[in-house]
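Residue-level listing of the chains:
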Amino acid sequence: MPVSLLAAYAAPALFLAALYLPLFTYVTPFYAEERGVGLAALGAAWIAIRLFDAFSDPVVGWLSDRTPGRFGRRRVWLAASVPVIALGVWQAFVPPEDAGLGHAVLWLTVVTLGWSMAQTPYAAWGAEVAQDYRARTAVTAWREALVLAGTVLSTVLYVAGGEGAGGLAYVAVGVAIGLPLAVALSAWRVPDPERPAGVARAAGEAPGFRALLSALGANRHFRRLIGAWLANGAANALPASLFIFFVEARLGAEDAAGLLFLLYFLTAVLGIPFWYWAAGRVEKHRLWGYAMLYACAIFAAALFLGEGDVIAFGVITVLTGLAFGADLVLPPAIQADVVAADRAETGAERAGIFFALWQVATKASLAVASGLAYLALDFAGFMAGGPNDESALLALALLYAGAPILLKLLAVALIWRFELGRDRLNALGAA
C-alpha cells in the first residue's frame, strides 16, 4: 500500500488519541483535586459511562455496516463525530469554576458518544482498506504509531499549558483545531471500499442486530481474542489511570510525571517498527504473547519502588514502553484477520459490528478497571493530593503494578494457542 495512503488513513488517529491520556489519566485528578469531586464518585461515574458505551458502540457499528450513500459507509460517521467531540472535549476539559460531578458526567458522556461515532467506523474502515495479511499489519502499525504520537502530543500540550486546568485547555484547543483537518484529509485521500461481490448489501439482506451479536458470540476466534484483549486492556488501564498518583505519592516526584510519560510513549513509538518487522516472521498472536511476558518481567520491579526511586522507575518506563507498542499494533491486526476470515466464511459484511464490540471491550476494560481502582483506593483510605499512610501506599502499589501482571498472564494464557494464523487464512482465501 502506498505510504501516502497509509499516512492519510492514519491522520485522524493523531487527534483521536490525544483524548486518550487526558481522559484516563489527567481528568480524574483534575476534578478530584481542583473541583473537589470524590474519587469514589468519579470511579462510579466512569463505570456508568462505559455501560452507556456498551450500547452506543454496537449500535454505531451496526448502523455503519448498513449506511448507504455516495460518501461511503465509514467516512460519513467519522466526519459527523467531529463537532460532537470538539464540543464535549471543550466542556469537559475547560469547565466553569463551579463545575462538579454532574457537569463532568454529562460532558464526558458526550465525548464518549463522539468517540463511538468516530472510532468504530474508523477501525472498520482500516480493515476494509487493507486486503491481505501483511497489509492489515501495515495499516494498524501506521494507525497505532499515530496513536502514540497523539498521546505524546497531548502530553506536550498538557505540560506546555502548565498541567491541571491550563494543560487540559491546551489539549482541548489542539483537538478542536487538528481533528477536523485530519478527518478532511483522510476523507479526501482514502477510498471507502464497496462491499465485495457476494457480501450482503441491502438492509433486508443483512441479519438483525440481535442476530449479529449472536453470530459473533458463536465465533470462537473472536471470543478468544476479545477475552485476551479485555484482560490486557485492564492490565494497561490500571497503571495509566493511577500513574499520576503513583509518581506523586509513591515516588514523591510530582515534577517528573510529564517527562516520564513522554519517555514511555516515545519508546513505544520507537518499538513499532520492530514489532511490524517481527510480525512478518512470527505469528502475530505468539509474538503478542512474548511481548506481554516481557512486560510482566520488567514491570514486577515497580512493586519494590519507594520514595526517590525516580531513575529506576524511568528505566522501567522505557523498557515497558517498548512492549506497549506491541499491544497497540498486534491485537488490532489480529482482529482485522478475524474480520477477513468471517467475511470469507459467511459472505456477510460485519466489520462495523466486530470493531464496535472491540471498542466496547477497549473502553470497558479501561473504565471498569480504573473505576474499580479508584473505588479500591478510596476504600484503602488513599487521599488524592493529601498525606497517606503506608497501607494506602501499599494498596496503590499493588493496584498499579501487581494486578496488571496477573491480568497480562491471563491474556497470554488465552491467546497462546490462537488458531487463526497465516496458514488458516490462506486456506480460507483471506490472507
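Please read these numbers as outputs of a predicted model, since none were measured by experiment.

Each value, and the rule that gives it
- Each chain has its residues counted from 1, following the order in which its sequence is written.
- pLDDT decides what is reported in this predicted model: residues at 70 or higher carry local features, side-chain atom pairs at 80 or more are listed and counted, and totals for whole chains, interfaces and linings draw on all residues regardless.
- Note that water and hydrogens are dropped before the side-chain values are worked out from all heavy atoms of the structure.
- By the criteria applied, helices consist of DSSP H or I runs no shorter than four residues and strands consist of E runs no shorter than two, each listed in order from the N terminus.
- In this setup the radius of gyration rests on C-alpha atoms only. A globule is expected at 2.2 Å times the number of residues raised to 0.38.
- The classification of residues rests on relative accessible area computed with a 1.4 Å probe and restricted to protein chains. Under 20% of the type maximum is buried, over 50% is exposed, and intermediate values are partly exposed.
- For this analysis, residues touch if any pair of their heavy atoms sits within 4.5 Å.
- Take the residue count of a helix, subtract one, and multiply by 1.5 Å to get its expected span.
- Patch membership requires more than 30% relative accessible area and the absence of a salt bridge. Residues of like charge join within 9 Å; the nonpolar side chains Val, Leu, Ile, Met, Phe, Trp and Tyr join within 5 Å.
- In these tables, accessible area is a Shrake-Rupley quantity obtained with a 1.4 Å probe, and a residue counts as shielded only by the protein chains included in the view.
- Here, a salt bridge means any Lys or Arg side-chain nitrogen found within 4 Å of an Asp or Glu carboxyl oxygen.
- Whether two aromatic rings pair depends on their centres lying within 6.5 Å, for rings of Phe, Tyr and Trp, where Trp uses its six-membered ring; planes under 30 degrees apart make the pair stacked, over 60 edge-to-face, and the rest tilted.
- Over a ring means this: the NZ of a Lys or the CZ of an Arg is within 6 Å of the ring centre and within 35 degrees of the ring normal.
- A score from 0 to 100, pLDDT tells how confident the predictor is in each residue.
- Think of each axis as a best-fit line through the C-alpha atoms, taken over the contacting stretch in the case of a helix, with angles from 0 to 180 degrees between the N-to-C directions.
- Angles below 35 degrees are treated as roughly parallel, those above 145 as roughly antiparallel, those between 65 and 115 as roughly perpendicular, and all remaining angles as oblique.
- By convention the crossing between two helices is left-handed if the near helix lies anticlockwise of the far one by an angle smaller than a right angle, and right-handed if it lies clockwise.
- Nonpolar residues are Ala, Val, Leu, Ile, Met, Phe, Trp, Tyr, Cys and Pro. Charged residues are Asp, Glu, Lys and Arg, and all others, Gly as well, are polar.

In this section: the overall build of the chain. If you tally the helices and strands in the chain, you get 15 helices and 0 strands. Relative to the compact-globule value of 22 Å for 431 residues, the chain shows a C-alpha radius of gyration of 21 Å, a close match. Each principal axis of the C-alpha atoms in the chain carries an extent, and together these give about 65 × 45 × 40 Å. The proportion of buried residues among the 431 residues of the chain is 58%. Put simply, 84% of the contacts in the chain that link residues at least 6 apart link residues at least 24 apart.

Once that is clear, we can look at helix α13 (residues 351-379). Along its 29 residues, α13 runs 41 Å from first to last C-alpha, staying within 8% of the 42 Å computed at 1.5 Å per residue. Burial within α13 is extensive, with 22 of its 29 residues counted as buried. One or two residues past the end of α13 sits Gly 381, with phi positive at roughly 90°.

A grouping of Leu 270, Tyr 294, Ile 311, Val 315, Leu 319 and Leu 322 is seen on the molecular surface, where their side chains present a nonpolar patch of about 560 Å² in accessible area. Per-element accounting of the nonpolar patch gives the leading share, 4 residues, to helix α12 (residues 310-346). By the secondary structure assignment, Leu 319 is in helix α12. By relative accessible area, which is 30% here, Leu 319 ends up partly exposed.

Attention now moves to the packing of aromatic side chains. Applying the stated rule across the entire model yields 17 aromatic pairs. Here the aromatic rings of Tyr 9 and Tyr 122 are separated by 4.7 Å at their centres, their planes lie at 25°, and the arrangement is stacked. Placement of Tyr 9 in helix α1 (residues 3-17) and of Tyr 122 in helix α5 (residues 101-129) is noted, with a sequence separation of 113 residues between them. The pair Tyr 9 / Tyr 122 is uniform in exposure class, with both members buried. Seen from their ring centres, Tyr 264 and Phe 265 are 5.0 Å apart, and the 85° between their planes marks the pair as edge-to-face. Clustering of aromatic rings is evident, with ring pairs tying together Phe 243, Phe 246, Phe 299, Phe 313 and Tyr 400. Against the face of Trp 416 rests Arg 286, its NZ or CZ located 4.3 Å from the ring centre.

Here the focus is the confidence of the model for the chain. Per-chain confidence: the chain averages 83 in pLDDT, with 92% of residues scoring 70 or above. The lowest-confidence element of the chain is helix α8 (residues 209-217), averaging 64 in pLDDT; the highest-confidence one is helix α11 (residues 284-299), averaging 94. Considering only residues more than four positions removed or in separate chains, one finds that residues 197-205, a stretch of pLDDT under 50, has 15 contacts.

A word on the pattern of salt bridges. Applying the stated criterion to the full structure yields 5 salt bridges. Glu 128 is the salt-bridge partner of Arg 74, the closest N and O atoms lying 2.6 Å from each other. Here Arg 74 is found in the loop between α3 (39-66) and α4 (75-93), whereas its partner Glu 128 is found in helix α5, with 54 residues between them in sequence. Here Arg 74 and Glu 128 have matching classes, each one buried. A salt bridge links Arg 250 to Glu 390, with the nearest nitrogen and oxygen atoms 3.7 Å apart. Of this pair, Arg 250 sits in helix α9 (residues 220-250) while Glu 390 is found in helix α14 (residues 390-415), placing the two residues 140 residues apart along the sequence. By relative accessible area, Arg 250 is classed as buried at 12%.

This paragraph deals with the packing of α3 against α5. Across the interface, α3 lies against α5 with an axial gap of 9 Å and an inter-helix angle of 30°. With respect to their mutual orientation, α3 and α5 come out roughly parallel. Along this stretch, α3 crosses α5, giving a crossing that reads as right-handed. Of the residues contributing to the contact of α3 with α5, the split by class is 13 nonpolar, 7 polar and 3 charged.

Geometrically, a packed helix pair is captured by the angle between its two axes and the distance between the axes. Direction vectors running N to C along α4 and α5 enclose 155°, while the axes themselves pass 8 Å from each other. One element, α4, and the other, α5, form an angle in the roughly antiparallel class. Crossing of α4 against α5: the hand is left-handed. Contact residues: Arg 75, Trp 77, Leu 78, Ala 80, Ser 81, Val 84, Ile 85, Leu 87, Gly 88, Val 89, Gln 91 and Ala 92 in α4; His 103, Trp 107, Leu 108, Val 110, Val 111, Gly 114, Trp 115, Met 117, Ala 118, Pro 121, Tyr 122 and Trp 125 in α5.

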